[in-house]
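Observations on the model geometry
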Amino acid sequence: MDTEEHDYAAPAAADIAAAQDSQGALRLLIAQRALYAKAKRWTYLRWIGFSVMGIVAPPLAVFFPKAAVVVGAVAGVWIFLSRTIFKAFEGKLAAQGAAVQEDFDRLVFDMPPLATRVPRPTPEDVAELAGSDTEVLDRAKQGGLLGWYQLDRDAAGTVCVAIAQRANAAYSERLQRLNARYWLTVLVVWTVVIVMTSMIIGTSLTTFLLGVAAP
């Protein structure tokens, strides 16, 4: 097989800038953002449920023993739903969002298709998520999607592609750090509340350690 068929030449920075603000590219960006937003809802639902079960359930069972059976049953049902249905929806939507992002990059950087990512939304799904042709530009402006990649018009195309891909990685890293800070804040607040509650009602040290802190 001729290796020249797989050679890739990055377009000029001006061409990349024009391509990323084209209607087709904006439709993909809008659909990608919508898919990730839906995936995040399932993520938040899962983690909020786990947080409530992990933070509220143990103290509730200790301070109100009669509620232990009900709390245990609710926790079991939630864990089952979270690990099966909720996680499946979250994973599918996130994978579809990644597939649409990949299509956007291929379009903007004029890259040849190498493999088909699965699962991926159908063209009809993308059209429904992006809206009509008359809505695309307005929605892109409202969502701050124009000029998605910050480009140096004087830089070579290969440099622009490399910087854009690095920007994607940096954006993901910032989201992970933000998520870590959020859960650390929740943990600190929970610790303060539980310690104060235990002191107010006079919980013994043994009960506090085994029934509250350990879980």
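For the structure itself, look to the data block above.
Quick look at the structure, then. This one's a predicted model, so the numbers in the text were calculated from it and none came from an experiment.

**Re the packing of helix 1 (residues 13-20) against helix 3 (residues 68-108)**
- Orientation of helix 1 relative to helix 3, taken along the N-to-C sense of each, is 135°, at an axis distance of 9 Å. Here helix 1 lies oblique to helix 3, going by the angle between them. Residues Ile-16, Ala-19 and Gln-20 of helix 1 touch helix 3, and the partners they reach there are Phe-104, Leu-107 and Val-108.
- In terms of residue class, the contact of helix 1 with helix 3 is made up of five nonpolar, one polar and no charged.

**Some details on the packing of aromatic side chains**
- Using the criterion set out here, one finds five aromatic pairs in the structure.
- Consider the rings of Trp-42 and Phe-86, whose centres lie 5.4 Å apart with planes at 35°: the pair is tilted. With a gap of 44 residues between them, Trp-42 in helix 2 (residues 23-63) and Phe-86 in helix 3 connect regions that are remote in the sequence.
- Taking relative accessible area as the criterion, Phe-86 reaches 11% and is therefore assigned buried.
- On the basis of an interplanar angle of 50° and a centroid distance of 4.9 Å, the ring pair of Trp-42 and Phe-89 is categorised as tilted. Of this pair, Trp-42 sits in helix 2 while Phe-89 sits in helix 3, and the two are 47 residues apart along the sequence.
- Feature note: the residues Trp-42, Trp-78, Phe-86 and Phe-89 constitute an aromatic cluster, connected by ring pairs.

**With respect to a nonpolar patch on the surface**
- On the surface, a cluster of nonpolar side chains totalling about 540 Å² of accessible area is made up of Tyr-44, Ile-48, Val-52, Val-56, Leu-60 and Phe-64.
- In this fold, Val-52 is placed in helix 2.
- A relative accessible area of 37% means that Val-52 is categorised as partly exposed.

**Structural notes on the side chain of Asp-105**
- Within the element layout of this structure, Asp-105 appears in helix 3.
- A distance of 2.6 Å separates a polar atom in the side chain of Asp-105 from a polar atom in the side chain of Tyr-149.
- Ignoring any residue separated from it by four or fewer positions in sequence, one finds Asp-105 in contact with Asp-110, Met-111, Tyr-149, Gln-165 and Asn-168.

**Side note on helix 4 (residues 123-130)**
- Three or more residues of helix 4 are buried, namely Val-126, Leu-129 and Ala-130. End-on view of helix 4: buried residues confined to an arc of 90°, all on one side of the axis. Relative to its buried face, helix 4 has exposed residues pointing more than 90 degrees away, namely Glu-124 and Glu-128.
- Residue Gly-131 follows helix 4 closely and has a positive phi angle near 90°.

Rules of the game
Residues numbered from 1 in each chain as written. Predicted model: local features only at pLDDT ≥ 70, side-chain atom pairs only at ≥ 80, totals over all residues. Heavy atoms only, no water. Axes fitted to C-alpha atoms, helices over the stretch in contact; angles between N-to-C directions. Helix = DSSP H or I, 4+ residues; strand = E, 2+ residues; numbered from the N terminus. Parallel < 35°, antiparallel > 145°, perpendicular 65-115°, else oblique. Contact = heavy atoms within 4.5 Å. Nonpolar A, V, L, I, M, F, W, Y, C, P; charged D, E, K, R; others polar. Phe/Tyr/Trp six-rings, centres within 6.5 Å; stacked < 30°, edge-to-face > 60°. Buried < 20%, exposed > 50% of the residue type's maximum accessible area, 1.4 Å probe, protein only. Patch = residues over 30% accessible without salt bridge, like charges linked within 9 Å, V, L, I, M, F, W, Y side chains within 5 Å. Areas by Shrake-Rupley, 256 points an atom, 1.4 Å probe, with all protein chains shown as cover. Salt bridge = Lys/Arg side-chain N within 4 Å of Asp/Glu carboxyl O. Polar contact = N/O pair within 3.5 Å; in protein donor to acceptor, adjacent residues only side chain to side chain. Arc of directions from axis to C-beta.

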